[in-house]
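If you want the building blocks of each chain, they are given just below.
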Amino acid sequence: MDEIYNLLQLRTEIKSGTYSFSGYINFKVTEPKVREINAPHYRDKIVQLAINNVLKEIYQPKFIYDSYACLDDKGTHACVKRIYYFMRKAKWEYGDGATIVKIDIKKFFYSIVRGILKELIARTIKDEETLNLVYIIIDSADEIDVVGMPLGNTISQLCANIYLNEIDQYAKRGLGLKYYVRYADDIIIIVRDKDYAKKVLELVRVRVETKLGIKLNNNKSKIFPIAQGVNAIGFKIYPTHMLLRNDSKKKIKRKLRKLKPLMIEDKITVEKVEQILNSWYGHAEQANSYKFVQSLLDRFDYIKLVDKKSKNGKIKKVFKVKREVIEDARKAHTGGKG
């Protein structure tokens, strides 16, 4: 009953215009890198989720097809496959001169200019009450810094897509770049040659700085020949094949070394370990990873790959833990008492 009462109270506040943001809960995450997360309280998450569900239906048709982050029916694997497809097409069309432009925005979420973001949203959303509610969420970041959007906000990802859609439209419509893909603040473009790549990089740099008030990360924004491949979205992508990135390989090796002792000490269940491994395997299967997976099976004695029939009747490989290996190790660990 408390849940129903609280939801009705929240609804009343929103409709009457008395809703106010409750502030942020601050914490840090270390994967994939150290980041400060500012997360809203539960009641504010509900408001943001409702806003997000409405706005995404309005904005998703306005975004370019080749924007892949935090959008329905998109995601990392779809993005990687699209880059791979574009690289093969560009290599066929432009030959060995084809050149990749890789663009990364410097501290993107932390440098979004909220005034510009509100102007962009107001171009599409004309209802004043809706705008005021969205602005309350955007302006709540004032307590954190003068610029930027909190990573923990539910609507921050949508706001990021609205913000960088300005660059997407410029690249696709203004510059006519057909081999252009964006995932969050990572942009991959493939053009005909090195000279044009330099021109494109500079044009995008100027557009980003003058229209959006943000800057490119000079260390990560580069041009290079298509034969060199590109590191993007967890993979090393070439026109002929895809590989797992080295950091991804190191990460799963570290995890596999830790998981066995945790199972032996009953600090994690076998089922949870299998869930972790198969989640990773779903990622690894997108690349040419057969030899690497085999090397893991050879190195770690407690895992195996088995055939499993999926709901549609197809047979697929899944990771399983060799329970007998864990039981034997547990007995040895406890002196035969386990």
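For the structure, see preceding data.
Residues numbered from 1 in each chain as written. Predicted model: local features only at pLDDT ≥ 70, side-chain atom pairs only at ≥ 80, totals over all residues. Heavy atoms only, no water.

Trainee: What is the right way to look at the overall build of the chain in this model?
Mentor: For the chain, the count of helices and strands is twelve helices and eleven strands. Viewed in the frame of its principal axes, the chain has a C-alpha envelope of about 70 × 65 × 40 Å. Relative to its 338 residues, the chain shows a buried fraction of 43%. For the chain, restricting intrachain contacts to residue pairs at least 6 apart in sequence, the fraction spanning at least 24 positions comes to 66%. (Helix = DSSP H or I, 4+ residues; strand = E, 2+ residues; numbered from the N terminus. Buried < 20%, exposed > 50% of the residue type's maximum accessible area, 1.4 Å probe, protein only. Contact = heavy atoms within 4.5 Å.)

Trainee: So what exactly am I meant to see when it comes to the packing of aromatic side chains here?
Mentor: Each aromatic ring pair is summarised here by two numbers: the centre-to-centre distance and the angle between the ring planes. Applying the stated criterion to the full structure yields eleven aromatic pairs. Centre to centre, the rings of Tyr94 and Tyr179 are 6.0 Å apart; their planes meet at 75°, and the pair counts as edge-to-face. In this pair, Tyr94 sits in helix H3 (residues 76-94) while Tyr179 sits in the loop between helix H7 (156-174) and strand E4 (180-183), placing the two residues 85 residues apart along the sequence. Owing to a relative accessible area of 4%, Tyr179 belongs among the buried residues under this scheme. Among the aromatic residues, ring-to-ring pairing joins Tyr85, Phe86, Tyr94 and Tyr179 into one connected group. Directly above the ring of Tyr84 sits Arg88, whose terminal nitrogen or CZ lies 4.6 Å from the centroid. (Phe/Tyr/Trp six-rings, centres within 6.5 Å; stacked < 30°, edge-to-face > 60°. Lys NZ or Arg CZ within 6 Å of the ring centre and 35° of its normal.)

Trainee: What's the story with the pattern of salt bridges in this structure? I'm lost.
Mentor: Should the charged atoms of two oppositely charged side chains come close, the side chains can pair. Counted according to the given criterion, the structure contains 20 salt bridges. Between Asp266 and Arg330 there is a salt bridge, with its nearest N and O atoms 3.3 Å apart. Remark: Arg330 occurs in helix H12 (residues 323-334) and Asp266 occurs in the loop between helix H9 (246-264) and helix H10 (270-284); sequence separation between them is 64 residues. In this structure Asp266 comes out as exposed when scored by relative accessible area, which is 58%. Among the salt bridges present, the one from Lys320 reaches Glu274, with a minimum N-O distance of 3.8 Å. Of this pair, Lys320 sits in strand E11 (residues 315-321) while Glu274 sits in helix H10, and the two are 46 residues apart along the sequence. Relative accessible area serves as the criterion here: at 35%, Lys320 is assigned to the partly exposed category. (Salt bridge = Lys/Arg side-chain N within 4 Å of Asp/Glu carboxyl O.)

Trainee: Looking at this structure, how should I read the environment of Asp328?
Mentor: For Asp328, the position within the fold is in helix H12. Counting along the chain gives 64 residues from Asp328 to Ile264, while the straight-line C-alpha distance between them is 9.1 Å.

Trainee: Explain unusual backbone geometry here, please?
Mentor: For residues besides glycine, phi is generally negative; the peptide bonds are generally trans as well. Despite not being glycine, Ala184 has its phi angle at roughly 55°, a positive value. Looking at the secondary structure, you find Ala184 in the loop between E4 and strand E5 (186-191). Within the chain, Ile233 stands out as a residue other than glycine whose phi angle is a positive 50°. The class for Ile233 is buried, based on a relative accessible area of 17%.

Trainee: What exactly am I supposed to notice about the environment of Val208 here?
Mentor: Along the chain, Val208 falls in helix H8 (residues 194-212). When its relative accessible area of 1% is taken as the criterion, Val208 is described as buried. Separated by 103 residues in the primary sequence, Val208 and Ile105 have C-alpha atoms spaced 8.8 Å apart. Discounting residues that sit within four places of it in the chain, Val208 has contacts with Ile105, Ile167, Gly213, Ile214, Lys215 and Leu216.

Trainee: Quick question: what am I supposed to make of the sheet that holds strand E7 (residues 230-232) here?
Mentor: Hydrogen bonds between backbone atoms are what pair the strands of a sheet, whose relative direction is either parallel or antiparallel. Spatially, the three strands line up as an open sheet ordered E7-E8-E9, and their pairing is antiparallel. What marks the edges here is a single partner per strand, and that holds for E7 and strand E9 (242-244). Here the strands of the sheet are splayed against their neighbours by 30° on average, with no regard to which way each runs. In terms of strand pairing, strand E8 (residues 235-237) meets E9 through three bridges, oriented antiparallel. The residue bridging Phe235 from the neighbouring strand is Leu244, located in E9. (Pairing = 2+ DSSP bridges. Axes fitted to C-alpha atoms, helices over the stretch in contact; angles between N-to-C directions.)

Trainee: Would you mind showing me how to read the environment of Lys107 here?
Mentor: Here Lys107 lies in the loop between strand E3 (99-104) and helix H4 (108-111). Residue classification places Lys107 among the exposed residues on the basis of a relative accessible area of 61%. On a C-alpha basis, the gap between Lys107 and Ile214 in space is 8.8 Å, while along the polypeptide they are 107 residues apart.

Trainee: Teacher, can you tell me more about the nonpolar core here?
Mentor: A general trend in soluble globular proteins is that nonpolar side chains are found buried together. Membership of the largest hydrophobic core comes to 54 residues, with the highest contact counts inside it found for Phe108, Ile121, Tyr163 and Ile189. Contributing elements (two or more residues each) for this core: helix H2 (42-59), E3, H4, helix H5 (114-124), helix H6 (128-139), H7, E5 and H8. Per element, the largest residue contribution to this core is eight residues, and it comes from H7. Setting aside residues no more than four positions away along its own chain, Ile189 makes contact with Thr99, Ile100, Val101, Ile103, Leu177, Tyr179, Tyr180 and Val200. By size, the runner-up hydrophobic cluster in this structure holds 46 residues, among which are Tyr179, Ile268, Phe319 and Ile326. (Core = buried A, V, L, I, M, F, W, Y, C linked by side-chain atoms within 4.5 Å.)

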